[in-house]
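Report on the structure
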Amino acid sequence: MRKKNRPDAKNLPLTPGIRALLFCIGFFLILQAIFLVVFIVWYISGLDSAFSTLLGIWSVLSALGGGWLMLKTAQGADDQNPAGIPGRYALLGPADNNLSLASLCSRIQEGMVLLQDEKIIYANPALAYLLGMQEDDLIGTGIQSYIHPEDLDLLDLSGSNQDFSGPNRSTLRLTTSLGDYRWVIGHLNFMFVDGQETLLLLFENIGPLKQAQRSLEEHEQQSRIFLERTPLGVAMFAPHGQLKIANTAWHSVFSNITGPMPKRFNILQDQFLPQSGVEQAVLQAFNKKSSGVDSLEHSTPWGETRWFNINFHPMLAPAGNLIGVMMIQQDITDQVRSIRRENELSEQLNQISQTRKP
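Summary of the structure given here.

Procedures and definitions
Residues numbered from 1 in each chain as written. Predicted model: local features only at pLDDT ≥ 70, side-chain atom pairs only at ≥ 80, totals over all residues. Heavy atoms only, no water. Helix = DSSP H or I, 4+ residues; strand = E, 2+ residues; numbered from the N terminus. Buried < 20%, exposed > 50% of the residue type's maximum accessible area, 1.4 Å probe, protein only. Contact = heavy atoms within 4.5 Å. Areas by Shrake-Rupley, 256 points an atom, 1.4 Å probe, with all protein chains shown as cover. Core = buried A, V, L, I, M, F, W, Y, C linked by side-chain atoms within 4.5 Å. 1 Å grid on protein atoms, 1.4 Å probe; cavity = no way out; pocket = protein on both sides within 12 Å on 5 of 7 lines; lining within 4 Å. Points joined across faces, edges and corners; volume = space filled by probe spheres on them. Nonpolar A, V, L, I, M, F, W, Y, C, P; charged D, E, K, R; others polar. Phe/Tyr/Trp six-rings, centres within 6.5 Å; stacked < 30°, edge-to-face > 60°. Salt bridge = Lys/Arg side-chain N within 4 Å of Asp/Glu carboxyl O. Pairing = 2+ DSSP bridges. Axes fitted to C-alpha atoms, helices over the stretch in contact; angles between N-to-C directions. Patch = residues over 30% accessible without salt bridge, like charges linked within 9 Å, V, L, I, M, F, W, Y side chains within 5 Å.

Below, the discussion takes up the overall build of the protein chain. For the protein chain, the helix and strand inventory stands at ten helices and ten strands. The burial tally for the protein chain puts 32% of its 358 residues in the buried class. Taking as baseline every contact in the protein chain between residues at least 6 positions apart, the subset at least 24 positions apart corresponds to 42%. Approximately 23500 Å² of the protein chain is accessible, and the part contributed by carbon and sulfur atoms is 57%.

Structure (structure tokens):
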């Protein structure tokens, strides 16, 4: 016959009442041992040697028994709560190498917290690390004290709008023990633990993502400042010819061609500069070959004739596919006018010199 699985009496956990009773008994035995030692020392001269020896043995046994009971009681309390966090061990059990809820919660990278009456009853190590605190310091505190005051309205912690069909997500900031904050995505779920309404909060740390986004925005801002301050006209076109980026120096010269909405201008479809040299250079650039046009004469929107050197540079990905074409224009109007003025002066001097010959 199969034996029934019965719990081992040696491994049965002690209730708090039994531990308190055993602790009191041990404390009483130690007090009794102290009293017997004082009694023997005080009345040593009037006591029989056998009786005094018996009292001494009894006092030693009382001290040893009381100390053993008090030590076992303290060890039993530590065994039932090895993490030292009130209620945490009783809620999920100990975290070990076995597959269990406590082990999973202690190993996940997202911060996890269980709330009852907006008070923390469980917090995993990831959340404690995120806040820069100890887990036992979080138990029993309010979750509102760790959420940035401006983001408190993003989570419905009161449970008035319970939605069991899916989690409630929001991006917010958690205030750490150092006074700074961490960007997280909060996932709010409603559930029941032992028949009591409980809120499960998961915090996904997006601090590195926010930092990368902030660095990208700063880099874009610096690039934009550099693009606007350069004296060159710069424009970038998508692989299909759509205008993506253009600085003021480029747009001011070609605004009469691109029209009031330059983002819709397509250099491959719309008429740009109806000159064979420019059209050939554009097609060559979109065929992944650098090209250019020198001393291009162009009438600006304000009616002035200016000259430019225009270069087209294809931008290729590591795989070799085209990701865009860069157009760079250099204003050489002053240089052209200076050369023409020098040529006119040279012709005038030649005419003067020829008229003075005998």
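It is worth spelling out the nonpolar core at this point. Membership of the largest hydrophobic core comes to 24 residues, with the highest contact counts inside it found for F237, W250, F254, I267, F272, F312 and M327. Listed by contribution, the elements that provide at least two residues to this core are β6 (233–237), β7 (243–246), α8 (248–258), α9 (276–286), β8 (291–299), β9 (305–316) and β10 (322–331). Looking at which element gives the most residues to this core, the answer is α9, with five residues. If sequence neighbours within four positions are ignored, I267 has contacts with F237, G241, F272, V282, F286 and F312.

Looking at the largest pocket, its volume works out to about 370 Å³. Only α5 (125–131), β4 (181–193), β5 (196–205) and α7 (207–229) provide two or more residues apiece to the lining of the largest pocket. Partitioning the lining of the largest pocket into residue classes produces nine nonpolar, eight polar and five charged.

Another point: unusual backbone geometry. Phi angles above zero are rare outside glycine, and D117 is one such case at about 60°. The residue E118 is not glycine, and still its phi comes out positive at about 65°. Judged by its relative accessible area of 29%, E118 is partly exposed.

Here we come to the packing of aromatic side chains. Two numbers describe a pair of aromatic rings. These are the distance of the centres and the angle of the planes. All chains considered together, the criterion is met by six aromatic pairs. Ring geometry for W250 versus F254: centroids 5.2 Å apart, planes at 40°, classification tilted. With a gap of four residues between them, W250 and F254 both fall in helix α8, about one helical turn apart. You'll find W250 and F254 in the same group, each marked buried.

This paragraph deals with the pattern of salt bridges. Inspection of the entire model under this criterion finds eight salt bridges. A salt bridge links D151 to R173; the shortest N-O distance between them is 3.0 Å. Placement of the pair is D151 in the loop between α6 (135–138) and β3 (168–175) and R173 in strand β3, with a sequence separation of 22 residues. The pair formed by D151 and R173 is uniform in burial state, with each residue classed as buried. One salt bridge connects E304 with R337, and the closest N-O pair in it is separated by 3.1 Å.

For the rest of this paragraph, the subject is the sheet that holds β7. Strand order across the open sheet formed by five strands is β7-β6-β10-β9-β8, with antiparallel pairing between neighbours. The two strands at the open ends of the sheet, each matched to only one other strand, are β7 and β8. Sheet twist, expressed as the average angle between the axes of neighbouring strands with direction ignored, equals 25°. One ladder, built from seven bridges, connects β8 with β9; its direction is antiparallel. Within the sheet, the bridge partner assigned to L296 lies in β9 and is F308. Across the sheet, α9 lies against β6, β8, β9 and β10, angled at about 140° from β8, the strand it touches most.

Judged by pairing direction, the sheet is antiparallel, and its five strands sit side by side in the order β2-β1-β5-β4-β3 without closing on themselves. Bordering the open sheet on either side are β2 (119–123) and β3, each of which pairs with just one other strand. On average, each strand axis in the sheet is inclined to that of its neighbour by 35°, with strand direction left out of account. Note: strand β1 (residues 111–116) against β5, five bridges, orientation antiparallel. Looking at β5, one finds that G111 is bridged to F203.

Residue R173 is classed as buried on the basis of its relative accessible area, which comes to 12%. Those residues in contact with R173 that sit more than four places away from it in its chain are Y146, I147, H148, E150, D151, Y181, R182 and W183.

By the element assignment, S170 lies in strand β3. Beyond its immediate sequence surroundings of up to four residues, S170 is in contact with L154, L155, V184, I185 and G186.

Let us look at a nonpolar patch on the surface. A grouping of F23, F27, L31, I34 and V38 is seen on the molecular surface, where their side chains present a nonpolar patch of about 480 Å² in accessible area. Within the fold, L31 resides in helix α1 (residues 16–42).

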